[in-house]
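Structure assessment
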Amino acid sequence: MEAKEAQPLTAEPSIVGCERYLSNLFTKQHYNSNRLVVLQSCCGSGKTYAVSKYVGEEGDKVISLVHRMSLVSQHIADFRKHGTRVQDYRDQGYDAEESGVVCINSLCKFYGDGGERDFKDMVVYIDEVNSLIETLTHSITLRQNVKRINETLMCMLKHCKKIVVSDHIIRDTVFDLLKGKPFFVKNTYQNFRGVKAL
């Protein structure tokens, strides 16, 4: 089987820069002024840091969606560091009306009750968005529930206050997921450039 070449991104960034830290490009004003935000920046450049900082400063409620359970603790620590009381979806008594970090495979457990839940006061943050999309489209584990998870996610994205997604590379599938014209920040800075691999 021949490997497929990655297709070039067709969307034009709203801002392009080369900064060690994403928050030097993506400001609180950008956060406040845009409902749909796409952040492209390398690993370790502060994507989650910037989002958690602005969420905390604004006092927003957040649902942070992750594709791996190993990211849950990291997101909880980042959001709490900036004053947002987020819950771990694995804890007893998780309250879906409050801020929390949820793995995509458990989304319906808390938000897929079949009714129109009110997401209008929630910011939805999806870190490593390409991996989350790949999990939705290719995970054997989700196969039985993927339709319900997708419907719940689409409802959430349609009715929430704000959507922020981030990854080190952004593909057109991200824009397909968002169904709108986002404020797109592209940070060209690369960590570890010039460092020899062992």
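See the structure above.
Please read these numbers as outputs of a predicted model, since none were measured by experiment.

**A few points about the sheet that holds strand S1 (residues 15-17)**
Spatially, eight strands are ordered S1-S8-S2-S7-S6-S3-S5-S4 in an open sheet, and the strand pairing comes out parallel. Here the strands that pair on one side only, and so sit at the sheet edges, are S1 and strand S4 (87-88). Where helix H3 (residues 72-81) meets the sheet, its contacts fall on strand S3 (61-66), S4, strand S5 (100-103) and strand S6 (122-127), and the angle it forms with S3 comes to roughly 155°.

**As for the packing of aromatic side chains**
Within the structure shown, the criterion is met by seven aromatic pairs. Here the aromatic rings of Tyr 94 and Phe 110 are separated by 4.6 Å at their centres, their planes lie at 55°, and the arrangement is tilted. Of this pair, Tyr 94 sits in the loop between S4 and S5 while Phe 110 sits in helix H4 (residues 107-111), and the two are 16 residues apart along the sequence. Comparing Tyr 94 with Phe 110 shows no difference in burial state: the two are buried. Joined through ring pairs, the aromatic side chains of Phe 26, Tyr 31 and Tyr 54 make up one cluster. The ring of Tyr 31 is capped by Lys 162, whose NZ or CZ atom sits 4.7 Å from the centre of that ring.

**Remarks on the side chain of Asp 167**
Turning to its location among the elements, Asp 167 is positioned in strand S7 (residues 162-167). Side-chain polar atoms of Asp 167 contact the backbone nitrogen of Val 129, separated by 3.3 Å. Separated by 3.0 Å, the side chains of Asp 167 and His 168 make a polar contact. Among residues more than four places away in sequence, those in contact with Asp 167 are Leu 39, Gln 40, Ser 41, Lys 47, Glu 128, Val 129, Asn 130 and Ser 131.

Reading the values: the criteria
Residues numbered from 1 in each chain as written. Predicted model: local features only at pLDDT ≥ 70, side-chain atom pairs only at ≥ 80, totals over all residues. Heavy atoms only, no water. Pairing = 2+ DSSP bridges. Helix = DSSP H or I, 4+ residues; strand = E, 2+ residues; numbered from the N terminus. Contact = heavy atoms within 4.5 Å. Axes fitted to C-alpha atoms, helices over the stretch in contact; angles between N-to-C directions. Phe/Tyr/Trp six-rings, centres within 6.5 Å; stacked < 30°, edge-to-face > 60°. Buried < 20%, exposed > 50% of the residue type's maximum accessible area, 1.4 Å probe, protein only. Lys NZ or Arg CZ within 6 Å of the ring centre and 35° of its normal. Polar contact = N/O pair within 3.5 Å; in protein donor to acceptor, adjacent residues only side chain to side chain.

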